Amino acid sequence: MGQIKVTKKTGFCFGVRRAVTMAEDALDKYKSICSLGSIIHNRQVVDNLSRMGLKVVKDIRKMKKGTAIVISSHGLSPRILKDISKRGIKVIDTTCPFVVKAQKITRHLTQDG
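Residues numbered from 1 in each chain as written. Predicted model: local features only at pLDDT ≥ 70, side-chain atom pairs only at ≥ 80, totals over all residues. Heavy atoms only, no water.

Engineer: Honestly, the overall build of the protein in this entry has me stumped. Any pointers?
Structural biologist: Broken down by element type, the protein carries 4 helices and 4 strands. Sequence-ordered secondary structure for the protein, helices as α and strands as β, is α-β-α-β-β-α-β-α. Reported as C-alpha extents along the three principal axes, the dimensions of the protein are approximately 55 × 45 × 25 Å. Residue burial in the protein is summarised as follows: out of 113 residues, 31% are buried. Looking at the protein alone, contacts between residues at least 24 apart form 50% of all its contacts between residues at least 6 apart. Summed over all atoms, the accessible surface of the protein reaches about 8200 Å², with 55% contributed by carbon and sulfur. Side chains of the protein carry 23 positive and 8 negative charges; the gap between the two charge centres is 1 Å. (Helix = DSSP H or I, 4+ residues; strand = E, 2+ residues; numbered from the N terminus. Buried < 20%, exposed > 50% of the residue type's maximum accessible area, 1.4 Å probe, protein only. Contact = heavy atoms within 4.5 Å. Areas by Shrake-Rupley, 256 points an atom, 1.4 Å probe, with all protein chains shown as cover. Lys, Arg positive; Asp, Glu negative; His and termini not counted. Charge placed at Lys NZ, Arg CZ, Asp CG, Glu CD.)

And the structure:
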């Protein structure tokens, strides 16, 4: 069997750390916020944020005007973001800047055919 090496640095990537920090800051400000699905793919962190006041929802139609929603580090489609905006829901966008860059490149390539 091969040798297993453990890296000196482990943990979350920049985008996930940023999303969690932004969610914690939003919870300090609003005391209760929602996320459309999990903000990140880590059950323990999501559970901890839930204890702090995060509510994971599956349907934005059940959210009231003025509610704050945190967008996951993976982002959302422009259609869903537009729907959220129309409903008067406060957006805390934690989408990773690298994901945003990939989305912009994809949008431009799509527009160019």
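Now that the structure has been shown, we can carry on.
Engineer: Help me out: how do you make sense of the side chain of Thr 94 in this one?
Structural biologist: Topologically, Thr 94 is positioned in the loop between strand 4 (90–93) and helix 4 (97–111). By relative accessible area, which is 0% here, Thr 94 ends up buried. Among the polar contacts made by the side chain of Thr 94, one reaches the main-chain carbonyl oxygen of Ile 71 at a distance of 2.3 Å. The residues touching Thr 94, leaving out its near neighbours within four places in the chain, are Arg 18, Ala 19, Met 22, Ile 39, Val 70, Ile 71, Ser 72 and Ser 73. (Polar contact = N/O pair within 3.5 Å; in protein donor to acceptor, adjacent residues only side chain to side chain.)

Engineer: Just checking my understanding: could you explain the pairing of strand 3 (residues 68–71) for this structure?
Structural biologist: Remark: a regular strand shows side chains that alternate across the two faces of the sheet. Burial along strand 3 is two-sided: the residues Ala 68 and Val 70 and Ile 69 and Ile 71 are all buried. Of the strand pairs in this sheet, strand 1 (residues 33–36) and strand 3 are connected by 2 bridges, and their pairing is parallel. If you follow Cys 34 over to strand 3, its bridge partner there is Ile 69. Of the strand pairs in this sheet, strand 3 and strand 4 are connected by 4 bridges, and their pairing is parallel. (Pairing = 2+ DSSP bridges.)

Engineer: Looking at this structure, how should I read unusual backbone geometry?
Structural biologist: The bulk of non-glycine residues show a negative phi, and the bulk of peptide bonds are trans. Of note in the backbone geometry, Lys 31 takes a positive phi value of approximately 70 degrees without being a glycine. Inspection of the secondary structure assignment puts Lys 31 in the loop between helix 1 (14–30) and strand 1.

Engineer: For this particular structure, what's the right way to read the environment of Ser 32?
Structural biologist: The topology assignment puts Ser 32 in the loop between helix 1 and strand 1. C-alpha of Ser 32 to C-alpha of Ser 50: the two residues are 18 residues apart in sequence and 9.1 Å apart in space. Beyond its immediate sequence surroundings of up to four residues, Ser 32 is in contact with Leu 27, Gly 53 and Lys 55.

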